[in-house]
Amino acid sequence: RLADADFFFKEDRKRPLADRLEDLKKVTYQADLGNSFEKVQRFSRLARYLAERVLPDGLENVETAASLSKCDLVTLMVTEFPSLQGVMGMEYARIEGYPEAACLPIYEHYLPTKAGDVLPSGSVGAVVGMADRMDTIAGCFAVGLTPSGSADPFALRRHALAILRILEEKRWDVSLPEFIEKSLEILRETIEIQEQRLSENILEFFRERYRQMVRRSGYEPEVVEAVVSACFE
């Protein structure tokens, strides 16, 4: 396996990471939501929107990290060893001389990967990760792929919780309704959305995730309900 990995690494290095962005056009993200290239284009715009508000000095690194964030998915190394997604993108970007502030987020934008997992250590990875997740949530809600009961094939609950945890950790002044609407605005350019209350439904989904999150922190249910009902923006 080590010999295989050495071969894959050498073959991957024959092409710059950025050149693989076009290859994502051949990778279906979701039948109704297009290919992986289109997804990257959407959440890259959303990441820029966020960065302009919370990280203007890091805008260039955000744009670089977002555009490269999924390129390693079509490398030989990640095709053979899927658990290395993000890791190989980060390492290939480092080898190619990108600034560390754009390399580390290629890996960290996937964090947290599960409940209780660590958050991105840097703000660039946090911005890109939030944008990627919000595009996933908005897209799935737009085409009717919402969680039901215990079924959540696109891990939307986990994605929403990750966004809430990052916002809480970073203490960024971000309007969740505006963030949701911006994602839907970008999405509407490529797909037709019929649902009129989509923004409200997504916001309510976040509200419920937040309600559960703070209850697990030990607050009394009555206190949680009073706060969440009064204001959730």
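**Q** Describe the side chain of Arg20, listing the residues and the values that go with them.
**A** Within the element layout of this structure, Arg20 appears in the loop between helix H1 (2-12) and strand S1 (28-30). Residue classification places Arg20 among the buried positions, given a relative accessible area of 6%. Look past the residues within four positions of Arg20 in its chain and what remains in contact with it is Glu11, Asp12, Arg15, Cys71, Val74 and Thr75.

**Q** How would you explain the packing of aromatic side chains if you had to name every residue and give the values?
**A** Tallied over the entire structure, the rule returns 5 aromatic pairs. Taken together, Phe7, Phe8 and Phe81 form an aromatic cluster joined through their ring pairs. Positioned over the ring face of Phe205 is Arg209, at 5.1 Å from the centre of the ring.

**Q** Go over the side chain of Asn35 with me, naming the residues and quoting the values.
**A** With respect to the helices, strands and loops of the structure, Asn35 is situated in strand S2 (residues 34-35). Its relative accessible area of 14% is what places Asn35 among the buried residues. Within polar-contact distance, the side chain of Asn35 engages the backbone nitrogen of Phe37 at 3.1 Å. Within the local environment of Asn35, its side chain forms a polar contact with the backbone nitrogen of Glu38, the two atoms lying 2.8 Å apart. Apart from the residues lying within four places of it in its own chain, the contact partners of Asn35 are Leu24, Lys25, Val27, Thr28 and Tyr29.

**Q** Help me get a handle on the layout of surface pockets, residues and values and all.
**A** Computed from the structure, the largest pocket encloses a volume of approximately 400 Å³. Forming the boundary of the largest pocket are 20 residues, of which Lys39, Lys70, Gln85, Tyr110 and Asp132 lie nearest the centre. Sorting the residues of the lining of the largest pocket by element identifies S1, helix H2 (36-54), helix H7 (123-142) and helix H8 (156-170) as the ones contributing at least two each. With 4 residues, the single largest contributor to the lining of the largest pocket is H2. Partitioned by chemical class, the residues of the lining of the largest pocket number 8 nonpolar, 7 polar and 5 charged.

**Q** Report on the state of the cysteines, specifying residues and quantitative values.
**A** The final tally for this structure, using the stated rule, is 0 disulfides. Not part of a disulfide, Cys103 finds its nearest cysteine sulfur in Cys71, a span of 12 Å.

**Q** Describe in detail the pattern of salt bridges, supporting the description with residues and values.
**A** This structure, assessed with the given rule, holds 20 salt bridges. Note that Glu208 is salt-bridged to Arg211, the shortest N-O span being 2.4 Å. Note that Glu208 and Arg211 are positioned in helix H10 (residues 198-215) at a spacing of 3 residues, about one turn of the helix. Overall, the relative accessible area of 8% leaves Arg211 in the buried class.

Rules behind the numbers
Residues numbered from 1 in each chain as written. Predicted model: local features only at pLDDT ≥ 70, side-chain atom pairs only at ≥ 80, totals over all residues. Heavy atoms only, no water. Helix = DSSP H or I, 4+ residues; strand = E, 2+ residues; numbered from the N terminus. Buried < 20%, exposed > 50% of the residue type's maximum accessible area, 1.4 Å probe, protein only. Contact = heavy atoms within 4.5 Å. Phe/Tyr/Trp six-rings, centres within 6.5 Å; stacked < 30°, edge-to-face > 60°. Lys NZ or Arg CZ within 6 Å of the ring centre and 35° of its normal. Polar contact = N/O pair within 3.5 Å; in protein donor to acceptor, adjacent residues only side chain to side chain. 1 Å grid on protein atoms, 1.4 Å probe; cavity = no way out; pocket = protein on both sides within 12 Å on 5 of 7 lines; lining within 4 Å. Points joined across faces, edges and corners; volume = space filled by probe spheres on them. Nonpolar A, V, L, I, M, F, W, Y, C, P; charged D, E, K, R; others polar. Disulfide = S-S within 2.5 Å. Salt bridge = Lys/Arg side-chain N within 4 Å of Asp/Glu carboxyl O.

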